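Coordinate inspection notes
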Amino acid sequence: MEAGNPLLDEYVLGLATTDRPRVCFIPSASGDADHYIERFYQSFTPDRCEPSHLSLFRRGGGRDVREHLLSQDIVYVGGGSVISLLGVWRAHGLDHVIRECWEAGVILCGVSAGSLCWFAEGITAFHGPAERYAGLGLLACSNTVHYDAERRREDAYRSALRNGMCPGYAAGDGAALHFAGQRLLRVVSSRAGAQAFRMRSVRGRVVRSPLRVAYLGEPQRAPGGPAPRRLQAVPAIAPAEMGSQRAVG
Amino acid sequence: MTAGAEAGARRILAMGGGGFSSSVADAPLERYIASVSGAERPRVCLLPTAGGDADDQIGRFYRAFRAIAEPSHLSLFRLGTHPVSLREHLLAQQVIYVGGGSLANLLAIWRVHGLEEVLRAAWEQGILLCGVSAGSMCWFEFGITRSHGRSRSARGLGLLPGSNSVHYSSDPERRACYHAEVLDGLAPGYAVDDGVGLLFSGPRLVEVVTARPGARAYRVEAAGGELHETPLAPRLLEPVPGGVDGPVEIAEFRDARRARAEAARRRRGA
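Rules used in this analysis
The residue count restarts for each chain, going from 1 along the sequence in the order it is written. Whichever chain is written first is A, and whichever ligand is written first is 1; the rest continue in order. pLDDT decides what is reported in this predicted model: residues at 70 or higher carry local features, side-chain atom pairs at 80 or more are listed and counted, and totals for whole chains, interfaces and linings draw on all residues regardless. Going along the chain from the N terminus, every DSSP run of H or I of four or more residues is numbered as a helix, and every run of E of two or more is numbered as a strand. The contact criterion used is a C-beta to C-beta distance within 7 Å, with each C-beta placed from the backbone. Strands are treated as partners if at least two bridges between them are detected by DSSP. By our criterion, buried Ala, Val, Leu, Ile, Met, Phe, Trp, Tyr and Cys residues that link up through C-beta atoms within 7 Å make up a nonpolar core. In this scheme the burial state of a residue depends on its C-beta neighbours within 10 Å: 20 or more other such atoms mean buried, 12 or fewer mean exposed, and anything in between means partly exposed; the C-beta positions come from the backbone. Only Asp, Glu, Lys and Arg are considered charged in this grouping, and only Ala, Val, Leu, Ile, Met, Phe, Trp, Tyr, Cys and Pro are considered nonpolar; every other residue, Gly among them, is considered polar. Orientation is described by lines fitted to C-alpha atoms, with helices fitted over the stretch in contact, and by angles between N-to-C directions that extend from 0 to 180 degrees. A score from 0 to 100, pLDDT tells how confident the predictor is in each residue. In these notes the angle categories are as follows: under 35 degrees is roughly parallel, over 145 is roughly antiparallel, 65 to 115 is roughly perpendicular, and the rest is oblique. By the definition used in this description, the sense in which the near helix is turned from the far one sets the handedness, with an anticlockwise turn below a right angle giving left-handed and a clockwise turn giving right-handed.

Turning our attention to the overall build of chain B. Across its full length, chain B carries 8 helices and 14 strands. Within chain B, residue pairs in contact and separated by at least 24 positions form 72% of the contacts whose partners lie at least 6 positions apart.

Among the structural elements, D171 of chain B can be located in the loop between β8 (160-165) and α7 (172-183). Expressed as a C-alpha distance, the spacing of D171 of chain B and L198 of chain B, which sit 27 residues apart in the sequence, is 19 Å.

Turning our eyes to something else, we now look at the sheet that holds strand β11 (residues 204-210) of chain B. Residue and element names in this part refer to chain B. Spatially, the 8 strands line up as an open sheet ordered β3-β2-β4-β5-β1-β10-β11-β14, and their pairing is mixed. Two strands lie at the open edges of the sheet, namely β3 (70-73) and β14 (235-236), each paired on one side alone. Of the strand pairs in this sheet, strand β2 (residues 43-47) and strand β4 (residues 95-98) are connected by 4 bridges, and their pairing is parallel. Note that in β4 the partner of L47 across the bridge is V98.

Counting 144 residues, the largest nonpolar core has V75 and V82 of chain A together with I96 and L129 of chain B as the members making the most contacts within it. Residues in contact with V82 of chain A, not counting those within four places in the same chain, are A29, A113, L116, C117, T124, F126 and Y133 of chain A.

The next thing to look at is the interface of chain B and chain A. One widely used convention gives an interface's size as the accessible area the parts lose upon coming together. In this assembly, 21 residues from chain B lie in contact with 21 residues from chain A. Across the side of chain B that touches chain A, the residue classes tally to 8 nonpolar, 10 polar and 3 charged.

All names here are of chain B. Spatially, 6 strands are ordered β7-β6-β8-β9-β12-β13 in an open sheet, and the strand pairing comes out mixed. Each edge of the open sheet is held by one strand with a lone partner, namely β7 (152-155) and β13 (226-232). Ignoring which end each strand starts from, the neighbouring axes of this sheet average 30° apart. Two strands pair when backbone bridges link them, and strand β6 (residues 140-145) and β8 are joined in this way by 3 bridges, in the parallel orientation. Within β8, the position partnered with G143 by the bridge is N164. Each of β6, β7, β8, β9 (189-192), β12 (217-223) and β13 is contacted by α7, which is oriented at about 35° to β12, the strand it contacts most.

Residue and element names in this part refer to chain A. Phi at S112 is positive, roughly 60°, even though this residue is not glycine. Checked against the element boundaries, S112 lands in the loop between β4 (107-110) and α6 (113-116). Taking the C-beta count within 10 Å as the criterion, S112 has 22 such neighbours and is therefore assigned buried. In this model, H146 sits at a positive phi of 50°, which is unusual for a non-glycine residue. Mapping H146 onto the fold places it in the loop between β7 (139-144) and α7 (151-162). For H146, a count of 18 C-beta atoms within 10 Å puts it in the partly exposed group.

Per-chain confidence: chain B averages 88 in pLDDT, with 84% of residues scoring 70 or above. Two numbers describe this predicted complex: its pTM, 0.83, and its ipTM, 0.79.

Turning our eyes to something else, we now look at the packing of helix α4 (residues 82-91) of chain A against helix α4 (residues 103-112) of chain B. Following both chains from N to C, one finds α4 of chain A and α4 of chain B inclined at 130°, their axes separated by 8 Å at the closest point. Of the possible angle classes, the one that applies to α4 of chain A and α4 of chain B is oblique. Two packed elements cross with a definite hand, and for α4 of chain A against α4 of chain B that hand is right-handed. Two secondary-structure elements touch here, α4 of chain A through I83, S84, L86, G87, V88, R90 and A91 of chain A and α4 of chain B through A104, N105, A108, I109, R111 and V112 of chain B. Split into classes, the residues belonging to the contact of α4 of chain A with α4 of chain B amount to 8 nonpolar, 3 polar and 2 charged.

Now the structure itself:
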């Protein structure tokens, strides 16, 4: 849903096994902001998927939320406040439903707060000072986002890791971590030069290891140089793995 | 009857619906809130949490209060762009106004942000707490919410004893649910129409007011297996001088006119 950049949207749609995957957008972290819901429908058009969204602020009596989410191929969680997101989800029992979806093989993905929520813990800086939060814990590691854009997040993440936060991943804007079960399958990006790091504390010192990030766009070809490897060279997820638990953060 | 503005007065104004977010003119309720606060131009902070911090609700709030108060609002969804200390800001107010929307979401979000404790402190220090719909029921032990689609009872903060149901005459399904729940043992309480406010001092109901002629509130309780609905006659508030709907509509007109003029200036490249 990046403005003018459909690369990550296409990547996520490409993970589904059907031509026209059912994609449900959950905008709880933004308080179901109308402009965000509109942006979702503009990005996920009916010619390539079957889009819907789930509002937890204006719930009608009709639809069974659990049934609807379990029938999706992809659940896409929007950004905003991860703290508010988790509060609202718990009030509606969505934390349990989402876990069920994950276990049933629905692809879970999201941006910003919609990434943070999948992890056991991490750093959010949405409400000013960067602070620790506890997430859903589908992924047994930690996470922080907007890593390159906000220095305070890096400082807070390093400090939390030194103070016992479990090891995890820092992702810059445009970078997406693709997990199958607990395993990081690959890191892709919608922006050339986007960065992601594995971070952990070793005897009180934070070790930051850069991850190989595959840019999803057309490679920039240097004049006269060798043609760079195209992304298609990255092996696709084997059909046998399609039912496994995946999350793209 | 006018409640005092002294510290520790522990006042709550619980409104059944309408208020600034309604198209019907409830401007007298806003004047009433300002007068109960005891301040000439009270600092009034809106918590639009239950509506997901909807821009529309926030805009209407400023239009309704800017002539008579110092309005501000706190977003728990978009605070990142304007970080403030929630506690400091709220405890510096004279009125805290909670907007309508989803009661379940409101309470869940307050809990994770630690606002329950801040609001209790605000109440104890004499800040007037008020709100409409979900922003009314949240103060009681129980409310009748449609947060999950169908009506059902849900726990509130419990600053006020008993239960509360809102939109009483305009939402028959909620009314039926309230009756059934009270007959089934839910704590007795108050059913309130749109445009009606109940003013409490501590746990005691001290005044019932309305901006709408004919609107009502009721004490609802069960006795001997039967439901009793006792009407509470509200005091009709004075209409706001200059036409009830005038100030808000004229302010909207002026806003729109200013925006058009600004756009025209930009087009001319000025």
